[in-house]
Amino acid sequence: NRMNRYVMEEFYRDPALRSLMRKITVRKDESIQGIYPEIVAIRLDLTTTNGERFAIEMRDPLGHTRNPMQDRDISAKFLGAANPVLGPQRAQAALDRWWDLEHLADLAEALSLLEVQPA
């Protein structure tokens, strides 16, 4: 989590993104607020520089108790995060080992597959 905060802060402080961030407005939507916590929702309204408008609304996103992740979702999320750090082969080996964790006598083997190698 510490790394995520560092990465997010790095993006937040990036001067190239500051002008874009000034164009973003966040506001509370009472219709969405009224259905929380029974339904978790988010709405995004976007207007492009040429005036084209888009709207997206999501309810109970993947991972919510009413929309749980399946094994394939968990695998895809892990590989998406691990591939850039571990490389595709090590990431897949780690994923395979962690899915088979119940058959390991020693957790050190699975943990060692997550170690980031010095560049």
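Everything numeric in this text was worked out from a predicted model, so none of it was measured.

### Remarks on a nonpolar patch on the surface
Taken together, the side chains of Leu44, Leu46, Phe54 and Ile56 define a hydrophobic patch exposed on the protein surface, amounting to about 390 Å² of accessible area. Looking at the nonpolar patch, the elements with two or more residues in it are strand E1 (41–47) and strand E2 (53–59). Along the polypeptide, Leu44 turns up in strand E1.

### Thoughts on the confidence of the model for the protein chain
The predicted model of the protein chain has a mean per-residue pLDDT of 88, with 92% of residues at 70 or higher. Across the protein chain, the element-wise mean pLDDT spans from 64 in helix H1 (residues 2–13) up to 96 in helix H5 (residues 88–99).

### A few points about helix H4 (residues 71–86)
Gly80 marks the point of greatest bend in H4, at about 30°, and the proline Pro84 comes within the next four residues. Along H4, the residues that are buried comprise Asp73, Ser75, Leu79, Ala82 and Leu86. Residues of H4 that are buried make contact with H5. Residue Gly87 follows H4 closely and has a positive phi angle near 90°.

### Describing the packing of H4 against H5
Each pair of packed helices gets described by two things: the angle between the helix axes and the distance between those axes. Running from amino to carboxyl end, H4 crosses H5 at an angle of 140°, the nearest separation of the two axes being 8 Å. Comparing the axis directions of H4 and H5 gives the class oblique. For H4 against H5, the interelement crossing comes out right-handed. Between H4 and H5, the contacting residues are Asp71, Ile74, Ser75, Phe78, Leu79, Ala82, Asn83 and Leu86 on the first element and Pro88, Arg90, Ala91, Gln92, Ala94, Leu95 and Trp99 on the second. Taken together, the residues of the contact of H4 with H5 break down into ten nonpolar, three polar and two charged.

Rules behind the numbers
Counting starts from 1 at the beginning of each chain's written sequence and moves along it residue by residue. Selection of residues for local features in this predicted model requires a pLDDT of at least 70, selection of side-chain atom pairs for listing and counting requires 80 or more, and totals for whole chains, interfaces and linings are taken over all residues. Neither water nor hydrogens contribute to the side-chain values; these are computed over all heavy atoms in the structure. For patch building, the residue pool is restricted to those with more than 30% relative accessible area and no salt bridge; the joining distance is 9 Å between like charges and 5 Å between nonpolar side chains (Val, Leu, Ile, Met, Phe, Trp, Tyr). The Shrake-Rupley method, run with a 1.4 Å probe sphere, supplies the accessible areas, and residue values consider only the shown protein chains as cover. By convention in these notes, a salt bridge is any Lys or Arg side-chain nitrogen within 4 Å of a carboxyl oxygen on Asp or Glu. Numbering of helices and strands runs from the N terminus; a helix is a DSSP stretch of H or I covering at least four residues, while a strand is a stretch of E covering at least two. pLDDT gives the predictor's per-residue confidence on a scale running from 0 to 100. Two axes define the bend at a residue: one fitted to the seven residues ending there, one fitted to the seven starting there, and the bend is the angle between them. Burial classes: relative accessible area under 20% of the type maximum marks a residue as buried, over 50% as exposed, and values in between as partly exposed (1.4 Å probe, protein chains only). Whether two residues are in contact is decided by their heavy atoms, any of which lying within 4.5 Å being enough. Axis geometry follows a simple rule: fit a line to the C-alpha atoms, using only the stretch in contact for helices, then measure angles between N-to-C directions, giving values from 0 to 180 degrees. Note that the term roughly parallel is reserved for angles under 35 degrees, roughly antiparallel for angles over 145, roughly perpendicular for angles of 65 to 115, and oblique for everything else. In a left-handed crossing the near helix is turned counterclockwise from the far helix by less than a right angle, and in a right-handed crossing that turn is clockwise. Each residue is assigned to one class: nonpolar for Ala, Val, Leu, Ile, Met, Phe, Trp, Tyr, Cys and Pro, charged for Asp, Glu, Lys and Arg, and polar for all the others, Gly among them.

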